[in-house]
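Structural overview for review
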Amino acid sequence: MFTTIVVAHTHCGSPKMFKKSIFSHILSSFITFVLVVACSQTNQPTTTTNTPSNTPAAGTTNSATALPIGAAFSQTSNYALLAQESVAGAKIAEKYFNDRGGVNGTPIKMVYQDTGGDEAGAINAFQTLINQDRVVGIVGPSSSQQAFSANPIAERAKVPVIGASNTAKGIPEIGEYIARVSAPISLVAPNAVKAALKLNPKIKKVAVFYAQNDAFTTSETEIFQQAIKNQRLDIVTVQKFQTTDTDFQAQIGNALALKPDLVVISGLAADGGNSIRQLRELGYKGTIVGGNGLNTSNIFSVCQALCDGIIIAQAYSPEAPGEINAAFRDAYVKQNKKEPPQFSAQAFTAVQVFVEALKALDSKTKLSALSLAELRTKLNQQILAGKYNTPLGEIAFTPEGEVLQSQFYIAQIKMNVDGNNGKFIFLK
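Residues numbered from 1 in each chain as written. Predicted model: local features only at pLDDT ≥ 70, side-chain atom pairs only at ≥ 80, totals over all residues. Heavy atoms only, no water.

Helix and strand counts for the protein chain stand at twelve helices and 15 strands. Considering the protein chain as a whole, with its 428 residues, one finds that 52% of them fall into the buried category. For the protein chain, restricting intrachain contacts to residue pairs at least 6 apart in sequence, the fraction spanning at least 24 positions comes to 68%. Carbon and sulfur atoms make up 52% of the accessible area of the protein chain, which totals about 19300 Å². (Helix = DSSP H or I, 4+ residues; strand = E, 2+ residues; numbered from the N terminus. Buried < 20%, exposed > 50% of the residue type's maximum accessible area, 1.4 Å probe, protein only. Contact = heavy atoms within 4.5 Å. Areas by Shrake-Rupley, 256 points an atom, 1.4 Å probe, with all protein chains shown as cover.)

Okay, here's the thing in structure tokens:
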């Protein structure tokens, strides 16, 4: 006969006594043994490794650990054609500077996060780089549209950001920790209009096209339109589209009815290339000026032979003098079998600024002695104080983080006979 065992109360210590029979005494002993073992395991201390929030950044503790620099680029979406060139430039910079000792013996490590094609993607990428990857600073994001949303995240966290392809008005003014090596479009775009007039002094009527859903293109078209007016030319129409559009026949039909001598387009590579292709297919034979979003050889596959003759202002030339530009150009050509574009040169330059500022800071105060927060703040101060000899030429920064660059260029696309490839020919 089995007697019911009643447990009045148990806890992780000694079990309470049971009412039992002879048989239940044996069973009770077994239960006691199980409870003791289980409780002894539960009461064992848990070993954890705590990382305090002010732990020095990766790479600041010893020369064997790399210094992480974030790269937030739109590797997917309609910005991808531009971002691919930024990634290429950053990767070349990482190898170039690590081959030369990194930051006084400590290598750098580029940490990439895809910002996608919208503001939310950029914000998520910045938050991951800042809080999870614990980078010392960030290069990016790809577009001005994203910068206006994501840069405030870095500003609040006091993380230095260097924009490598953000040219819209107001980017450096976002905050103390925001700078850029991409010259503002207000300095670059007017040069393209002047070049078009130099090639064709008979230009009188101008049609303007721009993507209305992007902060950069809306900022750029304002600059273009003012430059057109400054040259006493007549803007006969302003046609709007979306960066995601592929059919521009309605806008082109409206413009061609007014017989423009010049068409100025502010868009991105895919939409801009398609609008150029359709302009030519529908019979436009006049001059075309493209904005900075079209400043990439990736448009060649979009408009192909019809890309020929497009005028684009540049903040970089592969032919510019200087030892570091020659080294960058050689590395890019060896890897990609073509001349480096502006976006790659600007991304390389942004990484260079981080490296040289880190080296200068380390010479004053060992990075290993700084917390991550201290390192980020002092690095930002050093970035703004420095002068740099880069592929873009000699640059520096205003106290607000605006790049100071003196040399700009004008290029015209020359397509090969096969219509599949081409290059930018720099005009004198």
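Omega for the bond connecting G140 with P141 falls within 30 degrees of zero, at -5°, which places this linkage in the cis form. Among the secondary structure elements, P141 is positioned in the loop between β3 (138–139) and α4 (144–157). Residues other than glycine seldom take positive phi values, yet N104 does so here, at roughly 50°. Summarising the element assignment, N104 is placed in the loop between α2 (80–99) and β2 (108–114). Its identity is not glycine, yet R232 carries a phi of approximately 60°, on the positive side. Along the chain, R232 turns up in the loop between α6 (215–230) and β7 (234–241). Of the residues examined, R232 reaches a relative accessible area of 77% and is grouped as exposed.

Before going further, it helps to spend a moment on the side chain of N166. Relative to the elements of secondary structure, N166 occurs in the loop between β4 (161–163) and β5 (178–180). Owing to a relative accessible area of 0%, N166 belongs among the buried residues under this scheme. At 3.0 Å, the side chain of N166 forms a polar contact with the backbone oxygen of P141. Beyond its immediate chain neighbours, meaning those up to four positions away, N166 contacts G140, P141, S142, S143, S144, A147, I171, R180 and S182. (Polar contact = N/O pair within 3.5 Å; in protein donor to acceptor, adjacent residues only side chain to side chain.)

In terms of strand pairing, strand β14 (residues 409–415) meets strand β15 (residues 422–426) through five bridges, oriented antiparallel. Within β15, the residue paired with K414 across the bridge is K423. Remark: six residues form the turn of the hairpin made by β14 and β15, two consecutive strands paired antiparallel; G419 in that turn has positive phi of roughly 75°. (Pairing = 2+ DSSP bridges.)

The subject of this paragraph is the sheet that holds β3. Pairing is parallel across the open sheet formed by five strands, whose spatial order is β2-β1-β3-β4-β5. The open sheet terminates on both sides in strands that have one partner only, identified here as β2 and β5. Bridge analysis of strand β1 (residues 67–73) against β3 gives two bridges, and the strand direction is parallel. Along β3, the bridge assignment pairs A71 with V139.

A few words now on the sheet that holds strand β12 (residues 393–397). Spatially, the three strands line up as an open sheet ordered β11-β12-β13, and their pairing is antiparallel. One side of each edge strand has no neighbouring strand; the edge strands of this open sheet are β11 (388–390) and β13 (403–404). Bridge count for β12 against β13 is two bridges, and the pairing is antiparallel. For A396, the partnering residue across the bridge sits in β13 and is L404.

For the rest of this paragraph, the subject is the state of the cysteines. Under the definition given, this model contains one disulfide. Covalent S-S linkage joins C303 and C307, the inter-sulfur distance amounting to 1.9 Å. Across the disulfide from C303 to C307, rotation about the S-S bond amounts to roughly 100°, and the bridge is consequently right-handed. Classification of C303 by relative accessible area gives buried; the value is 2%. (Disulfide = S-S within 2.5 Å.)

Another point: the confidence of the model for the protein chain. Mean pLDDT for the protein chain: 87, with 85% of residues reaching 70 or above. Counting interchain partners and residues more than four positions distant, the pLDDT-below-50 stretch residues 1–64 has 55 contacts. (pLDDT = per-residue confidence, 0-100.)

Moving on: the nonpolar core. The biggest cluster of nonpolar side chains holds 72 residues, and the ones touching the most others in it are L358, I383 and F397. Of all the elements, helix α11 (residues 342–364) adds the most residues to this core, at eleven residues. Ignoring any residue separated from it by four or fewer positions in sequence, one finds I383 in contact with P160, I162, V353, F354, A357, Y388 and F397. Residues F209, L268, C303 and I310 belong to the second largest nonpolar core, which totals 32 residues. (Core = buried A, V, L, I, M, F, W, Y, C linked by side-chain atoms within 4.5 Å.)

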